Amino acid sequence: MSKTLPKAIIALSLMSACAPVALAQDTQPQPAAAIADTDAARITQFETRLKNLREYDNPDAERWTIEQRMENYGVPGMGVAIIDKGKIVFAKGYGVQSATSDAPVDANTVFSAGSVSKIINAALILRLVQEGQLDLDTDINRYLTSWKVPENEYSSGNKITLRMLLSHTSGFSQHGFEDFLPDEALPTALQTLNGEAPAKHDPVRILFTPGSKMKYSGGGITVSQVLVEDVTGMPYAEAARKYVFAPLGMTRSTFVSPLPESHGNIARAHDSDGQPKALPRGYESFPEIAASGLWTSAGDMARFVLALMQDEDFLTAELRADMLTRVPLSWHGLGPRLNGEGDMLVFHHGGANDHYQTWIEGQPVHGNGFIVLTNGEAGRPLGYELRFSADAAFGWPIPFPDGYREPDLGASEEE
């Protein structure tokens, strides 16, 4: 396992990173007329000089526009945001919400974010820690009232903590969850944990001694979802709105499931050929909301990533340092995947529901960040091409993909 800096040093770097930036003045995406000439030139380069993913290391490769690469991958719509040196330099939509309409994607169009939901969940829990309602190292059974950790040879006598849940070292099963079509009944969180219809999987159970290794677990994140509801007495979606979305001005983001049509400006689902799916509504439901049920926009996610890097009012530097310190035997801190240390520290996470592909990242010491949300099954390689283009245009110091690869986790078991 690679070394990580002590939390106190990370906290100091977070407090000093991007210190001259006035957060309240820089959390809004910049309109075109307000973008500095240098930013405008770099954005133009980012948008017009993409390379085929297979030729990312070829300096003489043919160059393409974002729209041309979207057409190549059959991705009808996409939201992108870039944070550079502690400010959101732009957030923008490309393409259309659906291949069957002309409604454009903009910075406020919402996409299904998949497992990026887990980072919002982690921030919500840390906000409750900050208020004194939760402790990261207390046995979760002390907080759970509507459900308890099932007893077996691994859980008996071994406590499971929120730190374990958020870092995927708890031992819980269930990597991910199937999507639900518009006409399908949705399970409650308890039905999800108990493996009861209409859930589509076996009960969530402990598979190994808690804390002994890593196994990515949407099931464990669903346990934390129930815990949040038990402690706050609020529906999870309302708790997320109160503790995360409202404080950061994330007015387009929600965990309400199924997403109501009245939310508006919704990117619809498409397969790898760019054909509409999940008809007639045009998008699936993701009832395991803390694990995969977030709907969000590029503009909102830019505000969130920026807050994780520098917003003392949202989370203290000490808690952000805890979030951005790898837990032993895990690729994760408290939510995000983490690579590097010091100036090379980067947090990141991807999301992949059936027909949506997403990616977020932040480089805390440098104040850089990148968000891409797509409504096509083939959005992942497109997102990688965009990330390489951002590297070339903005000259960020942490190389992609080498600075983002899974570390040697020893005894862990990542899926």
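Here, residues in each chain are numbered from 1, in the same order as that chain's written sequence. Per-residue local features of the predicted model are confined to residues with pLDDT of at least 70, and side-chain atom pairs are confined, for both listing and counting, to 80 or more; whole-chain, interface and lining totals are unaffected and use all residues. Neither water nor hydrogens contribute to the side-chain values; these are computed over all heavy atoms in the structure.

Novice: In this structure, what is going on with the overall build of the chain? I would like to understand it.
Specialist: A run of DSSP states H or I qualifies as a helix once it reaches four residues; a run of E qualifies as a strand once it reaches two. Both are numbered from the N-terminal end. Regarding its fold elements, the chain presents 13 helices and eight strands. Computed over C-alpha atoms, the radius of gyration of the chain comes to 20 Å, within 12% of the 22 Å expected from 2.2 N^0.38 for 415 residues, which places it in the range of a compact globule. Dimensions of the chain along its principal axes, counting C-alpha atoms only, are 60 × 50 × 40 Å. Nonlocal contacts in the chain, meaning residues at least 24 apart in sequence, comprise 69% of its contacts between residues at least 6 apart. Carbon and sulfur atoms make up 50% of the accessible area of the chain, which totals about 15,600 Å². Only C-alpha atoms enter the radius of gyration; for comparison, a globular chain is expected to reach 2.2 Å times N to the power 0.38, where N is the number of residues. Any pair of residues with heavy atoms lying within 4.5 Å of one another is described as a contacting pair. Throughout, the Shrake-Rupley method with a 1.4 Å probe supplies accessible areas, and for residues the shown protein chains are the sole cover considered.

Novice: Mind showing me how you'd approach the packing of helix H3 (residues 37-48) against helix H13 (residues 379-394) here?
Specialist: The relative placement of two packed helices is expressed as an angle between their axes plus a distance between the axes. Axis separation between H3 and H13 bottoms out at 8 Å; the angle between their running directions is 150 degrees. Seen from above, H3 lies across H13 with right-handed handedness. Side by side, H3 and H13 meet where Arg 42, Ile 43, Gln 45 and Phe 46 of the first sit next to Leu 386, Ser 389, Ala 390, Ala 392, Ala 393 and Phe 394 of the second. Here the contact of H3 with H13 is composed, by residue class, of seven nonpolar, two polar and one charged. Simply put, an axis is a line fit to the C-alpha atoms, just over the touching stretch for a helix, and the angle between two N-to-C directions goes from 0 to 180 degrees. The handedness criterion is simple: a crossing whose near helix is rotated anticlockwise from the far helix by less than a right angle is left-handed, and one whose near helix is rotated clockwise is right-handed. Side-chain classes follow a simple rule in which Ala, Val, Leu, Ile, Met, Phe, Trp, Tyr, Cys and Pro form the nonpolar group, Asp, Glu, Lys and Arg form the charged group, and the remainder, Gly included, forms the polar group.

Novice: Quick question: what am I supposed to make of the pairing of strand E6 (residues 346-353) here?
Specialist: Consecutive residues of a regular strand have side chains that alternate between opposite faces of the sheet. Of all eight residues that make up E6, seven are buried, and the element is covered over most of its length. Relative to E6, strand E5 (residues 337-339) runs antiparallel, the two sharing three bridges. Considered in E6, the bridge of Arg 337 is made with His 348. Two strands form a pair only when DSSP identifies at least two bridges running between them. Between E5 and E6, which follow one another and run antiparallel, lie six residues, and Gly 340 among them has a positive phi close to 75 degrees. Here E6 runs beside strand E7 (residues 356-363); their pairing, made up of seven bridges, is antiparallel. Bridging from a neighbouring strand, Asn 353 pairs with Tyr 356 of E7. Hairpin remark: E6 followed by E7, antiparallel, with two residues in the connecting loop. Working definition: with a 1.4 Å probe on protein chains only, accessible area under 20% of the residue-type maximum means buried, over 50% means exposed, and in between means partly exposed.

Novice: Would you mind showing me how to read the packing of helix H4 (residues 66-73) against H13 here?
Specialist: At a minimum axis separation of 10 Å, H4 and H13 run at an interaxial angle of 160 degrees. When the axes of H4 and H13 are compared, the pair comes out roughly antiparallel. For H4 against H13, the interelement crossing comes out right-handed. Contacts from Ile 66, Arg 69, Met 70 and Tyr 73 of H4 reach H13 at Pro 381, Leu 382, Glu 385 and Leu 386. Taken together, the residues of the contact of H4 with H13 sort by class into six nonpolar, no polar and two charged. Throughout this description, any angle smaller than 35 degrees is read as roughly parallel, any larger than 145 degrees as roughly antiparallel, any in the 65 to 115 degree range as roughly perpendicular, and the remainder as oblique.

Novice: Help me understand the sheet that holds strand E2 (residues 87-95) in this model?
Specialist: Pairing between the strands of a sheet comes from backbone hydrogen bonds, and it takes one of two forms, parallel or antiparallel. One open sheet holds the six strands; their spatial order is E2-E1-E8-E7-E6-E5, and the pairing between them is antiparallel. Only two strands of the sheet have a single partner each, and these edge strands are E2 and E5. For this sheet, the mean inter-axis angle between neighbouring strands, taken without regard to orientation, is 15 degrees. In this sheet, E2 lies alongside strand E1 (residues 77-84) in antiparallel orientation, the contact comprising eight bridges.

Novice: Any chance you could explain the packing of aromatic side chains here in plain terms?
Specialist: For any pair of aromatic rings, the description rests on two quantities: the centre-to-centre distance and the angle between the ring planes. Paired rings are identified among Phe, Tyr and Trp, the last through its six-membered ring, by centres lying within 6.5 Å, and are further divided according to the angle between planes into stacked (under 30 degrees), edge-to-face (over 60) and tilted (the rest). Overall, the coordinates contain 15 aromatic pairs when judged by the stated rule. Ring geometry for Tyr 56 against Phe 388: centres 4.3 Å apart, planes inclined by 15 degrees, an arrangement best described as stacked. Of the two residues, Tyr 56 sits in the loop between H3 and H4 while Phe 388 sits in helix H13, which places them 332 residues apart along the sequence. Residue Tyr 56 is classed as partly exposed on the basis of its relative accessible area, which comes to 34%. Aromatic pair Phe 388 and Phe 400: ring centres 5.1 Å apart, planes at 70 degrees, arrangement edge-to-face. With Phe 388 in helix H13 and Phe 400 in the segment after H13, this residue pair connects regions lying 12 residues apart in the sequence. Residue Phe 388 shares its accessibility class with Phe 400, and that shared class is buried.

Novice: Can you help me understand the pattern of salt bridges in this one?
Specialist: For salt bridges, the criterion is a side-chain nitrogen of Lys or Arg within 4 Å of an Asp or Glu carboxyl oxygen. Enumeration over the complete set of coordinates arrives at 16 salt bridges. The closest approach of N and O atoms between Asp 322 and Arg 163, which form a salt bridge, is 3.1 Å. Residue Asp 322 is found in helix H12 (residues 317-323), and its partner Arg 163 is found in helix H6 (residues 162-167); the two are separated by 159 residues along the sequence. The pair Asp 322 / Arg 163 is uniform in exposure class, with both members buried. The partner of Glu 361 in a salt bridge is Arg 387, with the nearest N and O atoms 2.5 Å apart. Of this pair, Glu 361 sits in strand E7 while Arg 387 sits in helix H13, and the two are 26 residues apart along the sequence. Since its relative accessible area comes to 0%, Glu 361 is described here as buried.

Novice: For this particular structure, what's the right way to read the pairing of E1?
Specialist: Across the eight residues of E1, eight count as buried, placing the element largely inside the fold. Between E1 and the antiparallel strand that follows it, E2, lie two residues; Lys 85 among them carries a positive phi value of about 55 degrees. Where E1 lies against strand E8 (residues 368-374), six bridges are found, and the strand directions are antiparallel. From the neighbouring strand, Ile 83 faces E8, where its bridge partner is Gly 369.

Novice: Would you mind showing me how to read a negative patch on the surface here?
Specialist: There is a patch of like negative charges on the surface, built from Glu 178, Asp 273, Asp 354 and Glu 377. Counting through the fold element by element, Asp 354 comes out in the loop between E6 and E7. Overall, Asp 354 belongs to the partly exposed group, its relative accessible area being 41%. Patches here: salt-bridge-free residues with over 30% relative accessible area, like charges joined within 9 Å, nonpolar side chains (Val, Leu, Ile, Met, Phe, Trp, Tyr) joined within 5 Å. In this charge count, Lys and Arg are treated as positive and Asp and Glu as negative; neither His nor the chain ends contribute. A charge is said to be at NZ when it belongs to Lys, at CZ for Arg, at CG for Asp and at CD for Glu.

Novice: I tried to follow the side chain of Thr 254 on my own but got confused; where do I start?
Specialist: With respect to the helices and strands, Thr 254 occurs in the loop between helix H9 (236-248) and helix H10 (289-292). In terms of polar contacts, Thr 254 uses its side chain to reach the backbone amide nitrogen of Val 256, at 3.0 Å. We call two N or O atoms a polar contact when they sit within 3.5 Å, provided that within protein one can donate a hydrogen and the other can accept it, with sequence-adjacent residues counted only if both atoms are side-chain atoms.

Novice: I would appreciate a short explanation of unusual backbone geometry in the present structure.
Specialist: For residues that are not glycine, phi is negative in most cases, and the peptide bond is trans in most cases. In this structure, Pro 258 follows Ser 257 across a cis peptide bond, with omega equal to 0 degrees. Here Pro 258 lies in the loop between H9 and H10. The backbone of His 168 shows a phi angle near 65 degrees, a positive value even though the residue is not glycine. With respect to the element layout, His 168 can be found in the loop between H6 and helix H7 (189-194). Look at Gln 174: it is not a glycine, yet its phi comes out positive at around 75 degrees. Examined against the element boundaries, Gln 174 turns out to sit in the loop between H6 and H7.

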